[in-house]
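Observations on the three-dimensional arrangement
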Amino acid sequence: MDYQHFIIQKDGGVSHVMINRPNKANSLDTTSWHELKAIFESLKADPETRAIVLSGEGKHFCAGIDVSLLVGMNMEGAQHSCDGRRGEWVRETVAHLQVCVNTIEECKKPVMAAIHGGCIGAGLDIAAACDMRYCTESTAFSIKEIDMGLVADLGSIQRLPHILPDGIIRELAYTGRKFLAGEALTHGLVNAVYKDKEEMMDAVMSVAGQIAEKSPLCIRGIKDNILYARDHTVADGLNYIQVWNAAMLLSDDLKKAGEAYMMKQKPEFAN
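Basis of the calculations
Residues numbered from 1 in each chain as written. Predicted model: local features only at pLDDT ≥ 70, side-chain atom pairs only at ≥ 80, totals over all residues. Heavy atoms only, no water. Pairing = 2+ DSSP bridges. Helix = DSSP H or I, 4+ residues; strand = E, 2+ residues; numbered from the N terminus. Axes fitted to C-alpha atoms, helices over the stretch in contact; angles between N-to-C directions. Salt bridge = Lys/Arg side-chain N within 4 Å of Asp/Glu carboxyl O. Buried < 20%, exposed > 50% of the residue type's maximum accessible area, 1.4 Å probe, protein only. Patch = residues over 30% accessible without salt bridge, like charges linked within 9 Å, V, L, I, M, F, W, Y side chains within 5 Å. Areas by Shrake-Rupley, 256 points an atom, 1.4 Å probe, with all protein chains shown as cover. Lys, Arg positive; Asp, Glu negative; His and termini not counted. Charge placed at Lys NZ, Arg CZ, Asp CG, Glu CD. Parallel < 35°, antiparallel > 145°, perpendicular 65-115°, else oblique. Left-handed = near helix turned anticlockwise from the far one by under 90°. Contact = heavy atoms within 4.5 Å. Nonpolar A, V, L, I, M, F, W, Y, C, P; charged D, E, K, R; others polar. Polar contact = N/O pair within 3.5 Å; in protein donor to acceptor, adjacent residues only side chain to side chain.

**Details of the sheet that holds strand 3 (residues 51-56)**
The mixed open sheet is built from six strands, whose spatial order is 1-2-3-4-6-9. In this open sheet, the two strands that pair with only one neighbour each are strand 1 (6-11) and strand 9 (192-194). Within the sheet, the average angular offset between the axes of one strand and its neighbour, ignoring direction, is 20°. By the bridge criterion, six bridges tie strand 2 (residues 14-19) to strand 3 in an arrangement that is parallel. Bridging across to strand 3, valine 17 finds its partner in leucine 54.

So this is what it looks like as structure tokens:
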């Protein structure tokens, strides 16, 4: 499928999704949000996709929500004379945008964000929904919503407290200040920092290729269990993996992996 604001390239089991609005710093307008949701729903259902890399074309990863979308929301919201109905409409609009971001986290395949330039506002919401994040030395992150008179509402202040130290995420959300690659690495927001985009993309695609060689059934199970464990107690997580293994452990992939290990060969798994 052709998309207006995204490019998709597939190489083996790796799908590379590129935000493609470089003249707008890859900010996301209404069409972009619809396409983002459609892409990750499609990749979730695509048996040939085993790992996903998300990056941005041009100078930046993503500058967040396009200002035109916010202006349009103000104009449409003003049409509601009833405060209650206007509030209801705003909530439904925010919920829709949240769902667009959630499709990244809910995709069964690991998603790796390859970040360069600016990763601002909703761009950071999107990055936070990915499984892993990598960036270049010149990358700058920002929870920018506070400077626009907004409370970040698409996932940063919900997901980042599970990634960053409590005091750090509070400071970043309260001040809107930029934090650079070195700080992002120190606090665990990114897995690694690279000299430039070319070096980063080579490294990230290599990791994605390694993931794509593993058992897809097990990769999906790992992601499912990590997300479940994040939102539940240790006891709940241990019980959940018991149930998962009861259903999935005795698979063809287990047999293939064992045979390949004994033969000192690399196993090949079905989708």
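Let us keep going from here.
**With respect to the pattern of salt bridges**
Under the definition given, this model contains 15 salt bridges. Residues arginine 21 and aspartate 66 are paired through a salt bridge, measuring 2.9 Å at the closest nitrogen-oxygen approach. Of the two residues, arginine 21 sits in the loop between strand 2 and helix 1 (30-45) while aspartate 66 sits in the loop between strand 3 and helix 2 (67-78), which places them 45 residues apart along the sequence. For arginine 21, a relative accessible area of 8% puts it in the buried group. Between arginine 230 and glutamate 105 there is a salt bridge, and its shortest N-O distance comes to 2.9 Å. In this pair, arginine 230 sits in helix 9 (residues 216-230) while glutamate 105 sits in helix 3 (residues 83-106), placing the two residues 125 residues apart along the sequence. Where salt bridges share partners, they join Glu105, Arg159, Arg230 and Asp231 into one cluster.

**Topic: a negative patch on the surface**
On the surface, a cluster of negative charge is contributed by Glu137, Glu198, Glu199 and Asp202. For glutamate 137, a relative accessible area of 53% corresponds to the exposed category.

**Points about the packing of helix 1 against helix 3**
The geometry of helix 1 relative to helix 3 is characterised by a closest axis approach of 9 Å and an angle of 30° between their N-to-C directions. Judged by the inter-axis angle, helix 1 sits roughly parallel to helix 3. Between helix 1 and helix 3 lies a crossing whose hand is left-handed. Contacts from Trp33, His34, Leu36, Lys37, Phe40, Glu41 and Lys44 of helix 1 reach helix 3 at His96, Leu97, Val99, Cys100, Val101, Thr103, Ile104 and Glu106. Residues that form the contact of helix 1 with helix 3 fall into these classes: eight nonpolar, three polar and four charged.

**Thoughts on the side chain of aspartate 29**
Secondary-structure assignment places aspartate 29 in the loop between strand 2 and helix 1. Accessibility expressed as a relative area gives 14% for aspartate 29, which makes it buried. A polar side-chain atom of aspartate 29 sits 3.4 Å from a polar atom in the side chain of histidine 5. Among the polar contacts made by the side chain of aspartate 29, one reaches the side chain of serine 32 at a distance of 2.6 Å.

Scope: geometric values only; no functional claims are made or implied.
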